[in-house]
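Given next are the chains, with one letter for each unit.
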Protein chains: 2
Amino acid sequence: MKSYLFNLVLFLLTPYFLQAQKLQSPNGKLEMSFTIKEGIPFYNLMYKGTVVIEDSRLGLRLFDDTYVHFASEEEKPSGSSSDLEGGFTKISEQRSQKNEIWNPVLGEKKSYTNHYNELSVTLHQVSSDRNLVVRFRLFNDGLGFRYEFPYQKNFEHFRIREEDTEFDFPTDMKAWWIVADYDSQEYQPQTTLISQIPEQWVKAYDKHSSQTLVKNAVQSPLLLKKEGKNSLYINVAEAAVLNYPASHLEVDAEKFKFKTHLTPNRLGVKAYLQTPAVTPWRTIIVSDKAAEILDSKLLFNLNEPTKYQDTSYIHPTKYMGVWWEMIIGKSKWAYSTNSSVQLGETDYTKLTPNGKHGANNEKVREYIDFASENGFDGLLIEGWNVGWEDWMGHDKEFVFDFITPYPDFDIAMLNQYAHSKGIKLIMHHETSASASNYERWADKAFQLMNRYGYDAVKTGYVGDIIPRGEHHYSQWTVNHYYRIAEKANEYKIMVNSHESIRPGGESRTYPNWITAEAARGTEHEAFKGNNPDQQTILPFTRWIGGSMDYTPGIFQTKLDYYFPGDKRFVKTTLAKQLALYVVMYMPLQMAADLPENYRKHMDAFKFIKDVAADWDDTKILQAEPGDYIITARKAKNSENWFVGGITDENKREFVVDFTFLDNNKKYNAIIYEDAADADYIDNPQSYNIYKKTVTNKSKIKFKMARSGGFAISLTSKK
Amino acid sequence: MKSYLFNLVLFLLTPYFLQAQKLQSPNGKLEMSFTIKEGIPFYNLMYKGTVVIEDSRLGLRLFDDTYVHFASEEEKPSGSSSDLEGGFTKISEQRSQKNEIWNPVLGEKKSYTNHYNELSVTLHQVSSDRNLVVRFRLFNDGLGFRYEFPYQKNFEHFRIREEDTEFDFPTDMKAWWIVADYDSQEYQPQTTLISQIPEQWVKAYDKHSSQTLVKNAVQSPLLLKKEGKNSLYINVAEAAVLNYPASHLEVDAEKFKFKTHLTPNRLGVKAYLQTPAVTPWRTIIVSDKAAEILDSKLLFNLNEPTKYQDTSYIHPTKYMGVWWEMIIGKSKWAYSTNSSVQLGETDYTKLTPNGKHGANNEKVREYIDFASENGFDGLLIEGWNVGWEDWMGHDKEFVFDFITPYPDFDIAMLNQYAHSKGIKLIMHHETSASASNYERWADKAFQLMNRYGYDAVKTGYVGDIIPRGEHHYSQWTVNHYYRIAEKANEYKIMVNSHESIRPGGESRTYPNWITAEAARGTEHEAFKGNNPDQQTILPFTRWIGGSMDYTPGIFQTKLDYYFPGDKRFVKTTLAKQLALYVVMYMPLQMAADLPENYRKHMDAFKFIKDVAADWDDTKILQAEPGDYIITARKAKNSENWFVGGITDENKREFVVDFTFLDNNKKYNAIIYEDAADADYIDNPQSYNIYKKTVTNKSKIKFKMARSGGFAISLTSKK
């Protein structure tokens, strides 16, 4: 009888509780709804009438305030009675919409469209007497939503134990993923069904200089594909990760469900917040066309416009670097034979040079000459400053001072020489992940850059983060990256960060942070290798929130050229390397190989010299994740176009249809393609180059070798 | 048979292994020996033929280098195969001695004598092929020893898991101790036998703003007393704690043995070191006279002479403060009624003042007037800067900027006003333990001080340390304190640190770090109280390595004066408060009470006005830890002496014998003593003041009330 009554009550209450708030995208293709069931908030998402995400739970857990620590006991603070997990009632809702066009400082198109319908729901939790807002923005290309914590007298400072946002998919799907880790994203992308993630997970990582793996969890952006008819592509990511840790996705492989898992510090706290506060946006980009995933600017749209007064110093940059030769082991970052040094104590002039120091005056001058002759803007020099003898793997806090050059690096002379040839040197601040030390020296380091005329810095965070107890993606370190970006802006310096958090569209707000690594770049070809399909996946995942410093352009792919018998090789044809400059959006664009290798292929190198780094328009011509991407881009303030096509480990044939070109124009095309005998293993340097006149009626067929590609430059005829 | 042979081999080898290295103190009273038994190094210590410390083990454990982290598993790195715990042979020994006199910048005497015999033993560990040096210095007042790690090609960077230095006492003894904690020393001193420590430990702590208790361990300096005939006083401490964590002492209550326990970070690592490196000195001060423990400068002698170019800006300072009224709750640090603010966001001019803000222009001017009229040097003002609304207990990193005054604190006007009256304002940098934030702002903060003419800062570290994962006494934070001291020296600023590491004689090297709190000071009288014997213990423990900012001088001891019905009171007579200025060495010396309370007792206040803060000589006339201390000190560059005597909760009578005075001189003495009816509970403000001519033949009898005392100023007659 009791049970009957209870069910009756539930039945009677159900219509009230289940009264869903619905929201449609501007074009009506996407629809989401928000409901509260038994006090718990849920959302779901439909695309053209098909369920993309089933009712999925929303909520967060908090920490209680105070406790006595004992060194010998579990030191993580205990749970809280005031979790924001249930007991909610809706007290109000607000709806609005926006349709604006904005111009990124650097971008894939001249302007991005920010068009959405918005629903914000204010929830009240009776037990804590607190309000929580969930804000949804539904765009034509996907959904973004976040939690907001309005200022309340009884809700001022709080600590997040976990965010429990769920993404519950109705069926198993193909998934492109990397293992979740608090400290590294440089893992080989995996392709499995959701249901297969756990069995593949244990085979999906190698050893990194810093890593804290999260079992059976994957990183975002995560790409999913529902195959068969009504196929769908879905990208799950996050945007505007500010004053908050990066999130990972725990996998429920049986239920095809994911749940957020935030990066903690070593105390187990995920975020320290103060109202008013907001979380990052959780994003779900959806389309039945893979190309539309690549085209989405949803993450950027969810970030705030920049507050920078001056962005005129931010410019696309094509650069070379004294870099690849250290990566492959031909020369060294370190100057001396020592394996232990102490800054301020060690007298470098008395050490024995190792004879292989890359950043020496003579070599740098040669690079400057070559970069200048070929129209580059910048030259990165790594290993210019003292400290590299024992920089890695020793948990050393005072590892670099960022201002003292090695004895064989004449900073004044080299900058003067570079400037006389139209080249700017690019500064390198490897921090060895000693972020606390970098913050101590940042002002002096940027002042030195201003003094000598550097306007860009590559930062690096190799190793375990110091302050110890923090991770590369924990809240403290996220805030560190933005402190550095803001400080760099004070000095009018552009930042290219390596081993940092992946971007979530934040370059809209911090446009001087022009690019980042935050994935497995070309350097890994000289370590344990990248798979041939990697470059066809990364644009769908890592690139969704911002550009990457992938450092392509390797012409001499076989390392036995340098070290006879060395089996390492870059898994690409030469033509594919050219194509990457178009397929991968890189406003800071490197030609990573050595001048001596380019000199042997100046005909192919011409494409790298010609290609633009900033764009007025982008068209994704054809794309399938893990298989191929063909992209056309129109250079900034120009009528010239560039096209790039790449394939995975399979040969492919494609016809490029040039209908994207201007109706009334003719173009001089130079076409760079794999030769018939090209192959990324057997014959990577075999390519053809030919010229052709092209109009928007033209169609050209391309044959791509295994891990091959093609590139086209199209110059508008006057 | 096998066992027989084994024993035979041991027997035959024993003379070789047990060949002890012996070392005597310059006066021959102390003797130590070093031995290796079965590869393990041991030391012991004798005083006048009596065993002070039995054979006690030496050694350290290290971490192995590399491991893969998993978030879900125990993240502490595993142990190492290369622990420095055994398998040692002696490969060489060196002996030397030193006898020097040096002059502290500020001190209890004009000059300190550094006289020792030294033995350093170089040990070789076969398994690791590494050398370890143990260096012993035997003074007439005790032993100091440390580990040294010489540079070796196979021993460059390493991490310490634990230091296992033992102190093995032959018998149970009386012990004065506080509970071990990685974050606080502000505990009530306990007095028990060693064997009783565990049962008392659980009752020996209260709740603090930051604490990480270490069960059954105590802090150093630890004071021990062997009672009965051949009684001995022993102080176990550490000196020169630099680039290393503070150590605690684990108690083996059954064996009367202690073992070092270093403060870790949250990764469990105790120290990150690079050869050449040294540990702090482990120190054992020994005497059959309690007074000689107080007289020991052993910890200072074990520190290096300062490298500062200029110490002329360092001066003794007598100061008052807008402070006690906040401590007792009469006024507030915070300016507004808000309980949540955000620096850079909150507009203070729009907030509602709470009406109780202490650091307001009018009040500060009144304090300046009073301090100036009474010959003080400085005035501390706490709560002058924005951020106090939510400064504590919220783990907030950007909690203060150290440069923005509250709207009612006119920093320019107040400094100008103070300077016109011969007063320097003393800066206050409460960091809320957000050390990373303080480092970011330190240059700007010190520049502000220079601009307005501040030359001293009180720093504070209330709460859990940020970077999170560090402790108040972990290596990182120790290094932070010295970074701040060195930076302050660049700006010619003196530092008084609160909630920082206790000193171990480091002021010899860093003389601008003139004092610290690092114990339970007067403020606790307004919280949960201090025991009446506390001030008779602290000089034997906390003071051994450096002075304390104890903030005495409370005349209005009963807080029901301010808050009718309030039961809190300072457990002292007024006369005892005067005596503390002599008994407690304080080159930065506060008169902590409110001007209104001093105005009612200007006759007694005269002693605080007259007493010196820096000294040419010090004589401990009579002392017993936990019971009483009577100290005489000769003012710097003066013929004037001051005497102070204090007792615990018991009444006592003493005769002061003035033989320490100059043979040929007469002195005008002003004597301040408890009146016959004085009592710390019933009648604390009852005192007598009288004048007398005194010579070195004089003897005066004093009656001290319960928790009472007396003070004498002796002015040399011209």
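Basis of the calculations
- Residues numbered from 1 in each chain as written.
- Chains lettered and ligands numbered in written order.
- Predicted model: local features only at pLDDT ≥ 70, side-chain atom pairs only at ≥ 80, totals over all residues.
- Heavy atoms only, no water.
- UniProt positions renumbered as here; feature names shortened; annotations may be inferred.
- Helix = DSSP H or I, 4+ residues; strand = E, 2+ residues; numbered from the N terminus.
- Buried < 20%, exposed > 50% of the residue type's maximum accessible area, 1.4 Å probe, protein only.
- Contact = heavy atoms within 4.5 Å.
- Areas by Shrake-Rupley, 256 points an atom, 1.4 Å probe, with all protein chains shown as cover.
- Lys, Arg positive; Asp, Glu negative; His and termini not counted.
- Charge placed at Lys NZ, Arg CZ, Asp CG, Glu CD.
- Pairing = 2+ DSSP bridges.
- Least-squares fit on C-alpha atoms with pLDDT ≥ 70 in both.
- Core = buried A, V, L, I, M, F, W, Y, C linked by side-chain atoms within 4.5 Å.
- Domains from an automatic or database assignment.
- Arc of directions from axis to C-beta.

Going by an unreviewed UniProt entry, chain A carries the name Glycosyl-hydrolase 97 C-terminal, oligomerisation and comes from Chryseobacterium arachidis. According to the UniProt record, the Cofactor (unreviewed entry) comment for chain A reads "Ca(2+)". A UniProt comment under Subunit (unreviewed entry) is attached to chain A, and it reads "Monomer."

Participant: Whenever I open this one, the overall build of chain A confuses me. Can you help?
Facilitator: Across its full length, chain A carries 13 helices and 38 strands. Along the three orthogonal principal directions, the C-alpha set of chain A runs to about 90 × 70 × 50 Å. Looking at chain A as a whole, 65% of its 718 residues are labelled buried. Within chain A, contacts between residues at least 6 apart in sequence are counted, and of these 72% link residues at least 24 apart. Carbon and sulfur atoms form 49% of the exposed surface of chain A, whose accessible area is close to 25,200 Å². Averaging the positions of the 85 positive and the 93 negative side-chain charges in chain A gives two centres separated by 5 Å.

Participant: Explanation requested: the side chain of A:H480 in the structure shown.
Facilitator: Secondary-structure assignment places A:H480 in helix α9 (residues 475-490). The class of A:H480 is buried, set by a relative accessible area of 0%.

Participant: Teacher, can you tell me more about the pairing of strand β28 (residues 494-498) of chain B here?
Facilitator: On a regular strand, each side chain points to the face opposite its neighbour's, so the side chains alternate between the two faces of the sheet. Residues and elements named next belong to chain B. Burial analysis of β28 places 5 of its 5 residues in the buried class, the great majority of the element. A two-sided burial pattern is seen for β28, the buried positions comprising M494, N496 and H498 on one face and V495 and S497 on the other. Taken together, the 5 bridges between strand β27 (residues 456-460) and β28 define a ladder with parallel strand orientation. Looking at β28, one finds that K458 is bridged to N496. Pairing of β28 with strand β29 (residues 513-516), which is carried by 3 bridges, proceeds in the parallel orientation. Within the sheet, the bridge partner assigned to S497 lies in β29 and is A516.

Participant: Would you mind going over the relation of the copies chain A and chain B with me for this structure?
Facilitator: Think of it as a corkscrew move, a rotation about one axis and a shift along it, taking one chain copy to the other. For these two chains of identical sequence, chain A goes onto chain B by a turn of 180° and a shift of 0.0 Å along the axis, with RMSD 0.0 Å. In symmetry terms, the pair is related by a two-fold rotation axis. The C-alpha atom lying nearest the rotation axis in chain A is that of A:G469; the distance is 2.6 Å. Residue by residue, 100% of the interface of chain A is reproduced at the interface of chain B, so both copies engage with the same surface.

Participant: Can you walk me through the nonpolar core in this structure?
Facilitator: Where a protein is soluble and globular, its nonpolar side chains tend to be buried together. Residues B:W324 and B:F446 are the most contacted members of the largest nonpolar core, which totals 143 residues. Per element, the largest residue contribution to this core is 8 residues, and it comes from helix α8 (residues 435-452) of chain B. Shared between two domains, this core holds at least three residues of each, these being domain 1 (20-301) and domain 2 (317-604) of chain B. Dropping the residues within four chain positions of it, B:W324 is found in contact with B:T522, B:E523, B:A526, B:I554, B:L559, B:Y562, B:V570, B:A592, B:D593 and B:L594. Ranked by size, the runner-up nonpolar core spans 142 residues in total, among them A:M449, A:Y550, A:M590 and A:A635.

Participant: I would appreciate a short explanation of the UniProt feature "domain: Glycosyl-hydrolase 97 catalytic" (unreviewed entry) in chain A in the present structure.
Facilitator: The feature "domain: Glycosyl-hydrolase 97 catalytic" (unreviewed entry), as given by UniProt, occupies residues 323-519 of chain A in the numbering adopted here. Regarding residues 323-519 of chain A, the helix share stands at 31% and the strand share at 13%, and the terminal C-alpha atoms are separated by 18 Å.

Participant: Explanation requested: helix α7 (residues 411-420) of chain A in the structure shown.
Facilitator: Residues and elements named next belong to chain A. Taken together, the buried positions of α7 are occupied by I411, L414, N415 and A418. Across the axial projection of α7, the buried residues extend over an arc of 95°, all falling on one side. Exposed side chains of α7 directed beyond 90 degrees from the buried face belong to Q416 and S420. Residues of α7 that are buried sit in contact with α6 (361-373), β26 (424-430) and α8 (435-452). Positive backbone phi, at 75°, marks G422, one or two positions downstream of α7.

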